[in-house]
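Structural characterization, general
What follows is each chain in one-letter form.
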Amino acid sequence: MKPNRLFTRDTKKSNWQIRRQLCFCWLMGLAWIFLTGCTILQELQESNLKRQQENRVRMKDRYVTFEAPDDTGVNVSGDGLEIDSAHYKLSFGPDLHQHPDYDTPTERQQIGHGSLVFMESLYQFLHQIFGFEPKHKIHVVLHDIYRGTKLMATTTIHAQNRMQNGQIIKVIQGIEMNFPLNMFSERPVRAHELAHAFTNIYLLPAWFSEGIAVWVEVEYAKGKDHRNVDLNEIKLTLDGLNAAQEWSGDLDAGADALTQWRYNYCYTIVAEMKDRFGEDFYLKFFKLMEEDKLYQQLPGNMPTSFLVYYLSQAAGEDLVPFFQSLKFKIQKLSRDEIIKAIQQANQTLRRQKRNDESEE
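Let us look at the structure shown here. Given the structure is predicted, the values throughout are model-derived calculations rather than measurements.

Rules and cut-offs
Residues numbered from 1 in each chain as written. Predicted model: local features only at pLDDT ≥ 70, side-chain atom pairs only at ≥ 80, totals over all residues. Heavy atoms only, no water. Buried < 20%, exposed > 50% of the residue type's maximum accessible area, 1.4 Å probe, protein only. Helix = DSSP H or I, 4+ residues; strand = E, 2+ residues; numbered from the N terminus. Pairing = 2+ DSSP bridges. Right-handed = clockwise from strand over helix to strand, strands pointing away. Salt bridge = Lys/Arg side-chain N within 4 Å of Asp/Glu carboxyl O. Polar contact = N/O pair within 3.5 Å; in protein donor to acceptor, adjacent residues only side chain to side chain. Contact = heavy atoms within 4.5 Å. Expected span 1.5 Å × (residues − 1). Core = buried A, V, L, I, M, F, W, Y, C linked by side-chain atoms within 4.5 Å.

Within strand β3 (residues 88-92), 4 of the 5 residues are buried, which leaves the element mostly enclosed by the surrounding structure. Between strand β2 (residues 82-84) and β3, which pair antiparallel one after the other, the connecting turn spans 3 residues. Judged from the 5 bridges that link them, β3 and strand β4 (residues 138-143) form a sheet pairing that is parallel. Paired with Lys-89 across the strands is His-139, a residue of β4. Between the parallel elements β3 and β4, the chain passes through helix α2 (residues 105-130) in a crossover that is left-handed.

Moving on, we come to the pairing of β4. With 5 of its 6 residues buried, β4 lies for the most part within the structure. When β4 meets strand β6 (residues 167-180), the two strands line up parallel, connected through 6 bridges. Looking at the pairing, His-143 lines up with Pro-180 of β6.

Throughout the structure, instances matching the rule amount to 9 salt bridges. Lys-135 serves as the salt-bridge partner of Glu-290, at 3.6 Å between the closest nitrogen and oxygen. With Glu-290 in helix α7 (residues 281-292) and Lys-135 in the loop between α2 and β4, this pair connects stretches of sequence that are 155 residues apart. We classify Glu-290 as buried; its relative accessible area is 19%. Exposure remark for Lys-135: the relative accessible area of 67% places this residue in the exposed category.

This paragraph deals with the side chain of Asn-178. When you line up the elements, Asn-178 lands in strand β6. A polar atom in the side chain of Asn-178 sits 3.0 Å from the side chain of Glu-176. For Asn-178, the residues in contact, after removing those within four places along its chain, are Val-141, His-143, Tyr-146, Met-152, Ala-153 and Thr-154.

Counted at 1.5 Å a residue, the expected span for α7 with its 12 residues is 16 Å, and the 17 Å between its end C-alpha atoms agrees. The complete set of buried residues in α7 reads Phe-281, Tyr-282, Phe-285, Phe-286, Met-289, Glu-290 and Asp-292.

Residues Phe-208, Tyr-282, Phe-285 and Phe-323 are the most contacted members of the largest nonpolar core, which totals 91 residues. Beyond its immediate stretch of four places on either side in the chain, Tyr-282 contacts Phe-130, Phe-208, Ile-212, Trp-215, Val-270, Met-273, Lys-274 and Leu-311.

If you trace the backbone, Asn-75 turns up in strand β1 (residues 75-76). Asn-75 sits 14 residues away from Lys-89 along the chain, and the two C-alpha atoms are 9.5 Å apart. Discounting residues that sit within four places of it in the chain, Asn-75 has contacts with Glu-82, Ile-83 and Asp-84.

So this is what it looks like as structure tokens:
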């Protein structure tokens, strides 16, 4: 029997139509998968973009308070764990590596970059105030919790004593600032600690160091935690001396009224001298100390009598009576007497060191 050609042609045509329809459905499926994938990818990109924008807003709120400098000098590592700029090196403490806001390289890079942009602007600001700058990069370390608390920030000067021409010379080797995140987000705290990073290289008495830092915090960073007090309302120690002079500094600070008074009182003295002797008073003061460099020979922190010698030179008048009226224990010294006192202190230090070595 011969085949029915009409039926055969129709069957072939029907099979071709089916194949065409199947091909069309297959292509439509691929298109749907592609479009769905693009939609998901777009949603992820939009989510990441939104997160980045939120981070930028948060960074702006936290850090951009002074005019931002050219930030091209900020370098960020690929993992976001090491960031540096012209005057800083910033790193994240181990407890931040798993923090939800800092657990990705992108987040660390953005926050670290924004932080150093602000800190560079603050650095230039303080440079103008003091007229000098540290000779080392400042290492800033951020923590979630620092020394068991979120309420303590510190600035540490690393120094080493070396013998030079028969004299002990203190050589600054580095400066480190440690902040818990919630304190680093506060503009006055950053200004306070950076003032320490600038000025503590001079081994200033603790009361004056804190007074300078609070002065910067209040007068220039608009901090509201401290205020001027009446200099004549003095709190005395058991031996009748001003309790501000006996202060060891902010590491023994608590929430007690005496500590708060010390911060306020020391700030008031610093502000009073600036108001009395002019805007460039501290520029002159630090310039005198830097030219003299006697601070490098100090075996420990500078005695207040040494400090008042330089303050008097910058003021152009004897400030010993002023401090004595505030119940500070000081004496009037000449530069030669300061040099002699430093040499005697270093001789005592060397004898003690030899005795300690012989006992071992």
